[in-house]
Amino acid sequence: ERGVMVHLLLMVQQKTPSQVPYLDGETYRYLPEMLVPRIFTKDKVPAHVANMIPSLRYGLLDEVGIWKTSIGFDPIVEGYANYGYIGVLGTAVAMGLLIGWITQSGNGVPLLSYRFLLAVLVLSGLIGSTNTVGVMVTVIWQSFLALTAVSIVLMKKIPNPLYVNPDGEAQGGIRKGAGASQRSVFSVHSSSISQNPSTDSVR
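Residues numbered from 1 in each chain as written. Predicted model: local features only at pLDDT ≥ 70, side-chain atom pairs only at ≥ 80, totals over all residues. Heavy atoms only, no water.

## A short note on the overall build of the chain
Part 1 of the argument: Each helix and strand in the chain was counted, giving seven helices and four strands.
Part 2 of the argument: Sequence-ordered secondary structure for the chain, helices as α and strands as β, is α-α-α-α-α-α-α-β-β-β-β.
Part 3 of the argument: By residue count, 39% of the 203 residues in the chain fall in the buried class.
Part 4 of the argument: Split by element, the accessible area of the chain, about 11800 Å² in all, is 64% carbon and sulfur. (Helix = DSSP H or I, 4+ residues; strand = E, 2+ residues; numbered from the N terminus. Buried < 20%, exposed > 50% of the residue type's maximum accessible area, 1.4 Å probe, protein only. Areas by Shrake-Rupley, 256 points an atom, 1.4 Å probe, with all protein chains shown as cover.)

Written as structure tokens, this is what we have:
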């Protein structure tokens, strides 16, 4: 999926800044406005405005075509179009930190818990996206609101059964001993142990 963006990246590298000046963050400027539901803002910008700007600036579409066709500029291409290699580096660091944080937050929690489902939602939106940051964040934001609403209605708070206390005893009746571990409902593995004692919303 990333390979299909190579021709756009090469075009942007070739034309920027010799023929087309850097966008200087223009595609990021509308991000706060895009997070507000359209029912609250009558004059909200189009969802794909961050794709429309570079398509028009680099001559891929005209002022009529941008309303009929959307060309997806992924975060790397967008970063270069805005700030060059500094934009690419900033995008990589920001996405890496976010992916690391959301992965860690979903570690050691039940598969149907709110945090694990949120981690899957965010990671799928980040890793599989071939759109600009604005479109990517908007999709994740809308999915987050839907997941939160569903969790309020269908989920209930329970102690994290995969949390292991420092003395080796886990909530939910799991005990890790020196020899064979005693299991009740869950099996504890090193990759599924959580150090977070907080409660989790679980379906």
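Structure shown, so let's carry the discussion forward.
## Describing the layout of surface pockets
Part 1 of the argument: Roughly 390 Å³ of volume is contained in the largest pocket.
Part 2 of the argument: Considering the residues around the largest pocket, the lining is formed by 19 residues, among which Leu-98, Val-122, Leu-126, Val-137 and Ile-140 are closest to the centre.
Part 3 of the argument: Mapped by element, the contributors of at least two residues to the lining of the largest pocket are α5 (85-105), α6 (114-127) and α7 (133-154).
Part 4 of the argument: Residue contributions to the lining of the largest pocket peak at seven residues, all from α5.
Part 5 of the argument: Classifying every residue of the lining of the largest pocket by side-chain character gives 17 nonpolar, two polar and no charged. (1 Å grid on protein atoms, 1.4 Å probe; cavity = no way out; pocket = protein on both sides within 12 Å on 5 of 7 lines; lining within 4 Å. Points joined across faces, edges and corners; volume = space filled by probe spheres on them. Nonpolar A, V, L, I, M, F, W, Y, C, P; charged D, E, K, R; others polar.)

## Concerning the pattern of salt bridges
Part 1 of the argument: Evaluated as defined, the whole model comprises one salt bridge.
Part 2 of the argument: The partner of Glu-26 in a salt bridge is Arg-57, with the nearest N and O atoms 2.6 Å apart. Here Arg-57 lies in helix α3 (residues 49-57) and Glu-26 lies in the loop between α1 (6-15) and α2 (31-34), a separation of 31 residues in the sequence.
Part 3 of the argument: The buried category is assigned to Glu-26, whose relative accessible area is 19%.
Part 4 of the argument: Residue Arg-57 is classed as partly exposed on the basis of its relative accessible area of 33%. (Salt bridge = Lys/Arg side-chain N within 4 Å of Asp/Glu carboxyl O.)

## A few points about α5
Part 1 of the argument: Here α5 spans 30 Å end to end across 21 residues, near enough to the 30 Å set by a 1.5 Å rise per residue.
Part 2 of the argument: Taken as a whole, α5 has its buried residues at Gly-87, Thr-91, Met-95, Ile-102 and Ser-105. Take α5 and look down its axis: the buried residues cluster within an arc of 95°, on one side only. Seen from the buried face of α5, the exposed residues on the opposite side, beyond 90 degrees, are Tyr-85, Ile-86, Leu-89, Leu-97, Trp-101 and Gln-104.
Part 3 of the argument: The inward-facing, buried residues of α5 contact α4 (75-83) and α6. (Expected span 1.5 Å × (residues − 1). Arc of directions from axis to C-beta. Contact = heavy atoms within 4.5 Å.)

## A word on the packing of aromatic side chains
Part 1 of the argument: Per the counting criterion, the structure on display carries two aromatic pairs.
Part 2 of the argument: Between Tyr-80 and Tyr-85, the aromatic rings sit 5.2 Å apart at their centres with planes inclined by 90°, giving edge-to-face as the arrangement.
Part 3 of the argument: Overall, the relative accessible area of 7% leaves Tyr-80 in the buried class.
Part 4 of the argument: A residue is classified by how much of its surface remains accessible, and Tyr-85, at 60% relative accessible area, is exposed. (Phe/Tyr/Trp six-rings, centres within 6.5 Å; stacked < 30°, edge-to-face > 60°.)

## Some details on the confidence of the model for the chain
Predicted coordinates in regions of low pLDDT should not be interpreted in detail.
Part 1 of the argument: Looking at the chain, the pLDDT average stands at 79 and 78% of residues meet or exceed 70.
Part 2 of the argument: Of all secondary-structure elements in the chain, the lowest mean pLDDT belongs to strand β3 (residues 174-175), at 40, while α4 reaches the highest, 92.
Part 3 of the argument: With pLDDT under 50 throughout, residues 172-193 is counted as low confidence; its partners more than four residues away or in other chains account for 29 contacts. (pLDDT = per-residue confidence, 0-100.)

## A look at the nonpolar core
Side chains of a nonpolar character, in soluble globular proteins, are inclined to be buried together.
Part 1 of the argument: With 15 residues, the main nonpolar core has Leu-8, Val-12 and Tyr-58 as its most contacted residues.
Part 2 of the argument: Listing elements by their share of this core, those giving two or more residues are α1, α3 and α4.
Part 3 of the argument: With residues up to four places along the chain from it excluded, the contact list for Leu-8 reads Leu-60, Ile-71, Gly-72, Phe-73 and Val-77.
Part 4 of the argument: Membership of the second largest hydrophobic core comes to 13 residues, among which are Leu-118, Ala-119, Met-136 and Ile-140. (Core = buried A, V, L, I, M, F, W, Y, C linked by side-chain atoms within 4.5 Å.)

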